[in-house]
Amino acid sequence: MKLPESFYLNSDVVHLSKSLIGKYLFTRIGDVITGGYIVETEAYNGIIDRASHSFGNKITPRTKTMFMQGGIAYVYLCYGIHEMFNVVTSVEGQPHAILIRAIQPTDGLDVMLYRRNMIKLKSNITSGPGSVAKALGITRNINAISLQSDVLWIEDRDLSFTNDEIAAVPRVGVDYAGDDALLPYRFYVKGNPYVSKPNK
């Protein structure tokens, strides 16, 4: 069952980021479904968050998607190489986003292996946000697409983890954000092999 649009309109992006752990992320690209459940996320708290692209109310051709109503995809290119998929949340004008850093793959493994140019399944197939997007076929071509679409969506399949099973730690690669780099806005399932960085 797809998460309803109302789920994404919550203004507490940190709460939503943790809530997405255990939800299933799917794509249908060329009539092929691929997906798995989310095991690692990072919250970006809008204009007050120095780690966010929208910090200081910065609206550019790239970031304008973040300012739209929650429940859509924000896909951007990182380092000129990796596509990165974020879930836009909250109401229009409040640019919150959640980066999907890792999933445990469950559907369409053969297609994911092909997209990742891998011969056999290893944990790095969907470990790290660039790997997630590549394995699922997510590109900037579907930036701003609704998560109610049949191309990209998130489902609740009653998989849940206890607070003790989920780590809350600082985000990855945001040292430039000063004190905001220390905020515990990254969530992951402890001990899961698909988590993108060593479990600390």
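Starting afresh in each chain, residues are numbered from 1 along the sequence in its written order. A pLDDT threshold of at least 70 governs which residues receive local features in this predicted model, and a stricter bar of 80 or more applies before side-chain atom pairs are shown or counted, although totals over entire chains, interfaces and linings include all residues. Computation of side-chain values covers all heavy atoms of the structure but excludes hydrogens and water.

Student: Hey, could you run me through the overall build of the chain in this one?
Tutor: Segments assigned H or I by DSSP are reported as helices when at least four residues long, segments assigned E as strands when at least two residues long, and all are numbered from the N terminus. Check the secondary structure of the chain and you find four helices and eight strands. Going residue by residue from the N terminus, the α and β elements of the chain occur as α-α-β-β-β-β-β-α-α-β-β-β. For the radius of gyration, the atoms used are the C-alpha atoms, and the globule rule reads 2.2 Å times the number of residues raised to 0.38. Over its C-alpha trace the chain gives a radius of gyration of 15 Å, about what one expects of a compact globule, namely 16 Å for 200 residues. Referenced to the eigenvectors of the C-alpha coordinate spread, the extents of the chain come out at roughly 45 × 35 × 35 Å. Within the chain, buried positions represent 52% of all 200 residues. Contacts were defined at the residue level, with two residues in contact if any of their heavy atoms lie within 4.5 Å. Considering only residue pairs separated by 6 or more positions, the chain has 60% of its internal contacts joining residues 24 or more positions apart. Here the Shrake-Rupley method, with its probe set to 1.4 Å, supplies the accessible areas, and only the displayed protein chains count as covering residues. Accessible surface, the chain as shown: approximately 9400 Å² in total, 51% of it carbon and sulfur. Categorising residues by exposure relies on relative accessible area from a 1.4 Å probe, with only protein chains included: less than 20% of the type maximum marks a residue as buried, more than 50% marks it as exposed, and the intermediate range marks it as partly exposed.

Student: Would you explain helix 4 (residues 129–136) in this entry?
Tutor: In an α-helix, one full turn covers 3.6 residues, which means residues spaced three or four apart are oriented alike. Counting buried residues in helix 4 gives seven out of eight residues, a clear majority hidden from the surface. Summarising the contacts, the buried residues of helix 4 are in contact with strand 1 (24–29), strand 2 (32–45), strand 4 (82–89), strand 5 (96–107) and helix 3 (109–115). A positive backbone phi angle near 75° is found at G137, which sits one or two residues after helix 4.

Student: Quick question: what am I supposed to make of the nonpolar core here?
Tutor: One broad trend across soluble globular proteins is that nonpolar side chains are buried collectively. L20, L25, F85, V87, I100 and L152 are the most contacted members of the largest nonpolar core, which has 46 residues in total. Setting aside residues no more than four positions away along its own chain, I100 makes contact with L20, L25, I38, E40, T41, F85, V87, P129 and V132. Formed by 15 residues, the second largest nonpolar core is a distinct cluster that contains Y76, A97, A177 and A181. The nonpolar core is taken to be a set of buried Ala, Val, Leu, Ile, Met, Phe, Trp, Tyr and Cys residues, with the residues joined through side-chain atoms within 4.5 Å.

Student: Quick question: what am I supposed to make of the environment of D107 here?
Tutor: Tracing the chain through its elements places D107 in strand 5. For D107 and Q94, which are 13 residues apart along the polypeptide, the C-alpha to C-alpha distance reads 33 Å. In contact with D107, other than residues within four places in its own chain, are F26, I33, T34, G35 and M112. Here a polar contact is taken to be a pair of N or O atoms separated by no more than 3.5 Å, where protein atoms must pair a possible hydrogen donor with a possible acceptor and residues adjacent in sequence count only if both atoms sit in side chains. Among the polar contacts made by the side chain of D107, one reaches the side chain of T106 at a distance of 2.6 Å.

Student: Sorry if this is basic, but what is going on with the pattern of salt bridges here?
Tutor: In a structure, side chains of opposite charge can pair up when their charged atoms sit close to one another. When a carboxyl oxygen of Asp or Glu lies within 4 Å of a side-chain nitrogen of Lys or Arg, that pair is called a salt bridge. Enumeration over the complete set of coordinates arrives at eight salt bridges. E155 is the salt-bridge partner of R157, the closest N and O atoms lying 2.8 Å from each other. One network of salt bridges, with partners in common, ties together E40, E42, R101 and R186.

Student: Help me understand the packing of aromatic side chains in this model?
Tutor: The description of an aromatic ring pair uses the distance of the two centres, along with the angle that the planes make with each other. Think of it this way: a Phe, Tyr or Trp ring, Trp meaning its six-membered ring, pairs with another when their centres are within 6.5 Å, and the plane angle makes it stacked under 30 degrees, edge-to-face over 60, tilted otherwise. For the structure on display, the rule yields six aromatic pairs. Between Y24 and F26 the ring centres are 6.1 Å apart and the planes differ by 15°, which places this aromatic pair in the stacked class. Each member of the pair Y24 and F26 is classed as buried. Feature note: the residues Y24, F26, Y37, W153 and F161 constitute an aromatic cluster, connected by ring pairs. Positioned above the aromatic ring of Y24, the side-chain terminus of R157 is 5.2 Å from the ring centre. A positively charged side chain is recorded as over a ring if its NZ (Lys) or CZ (Arg) lies within 6 Å of the ring centre. The angle to the ring normal must also be within 35 degrees. Directly above the ring of Y44 sits R171, whose terminal nitrogen or CZ lies 4.7 Å from the centroid.

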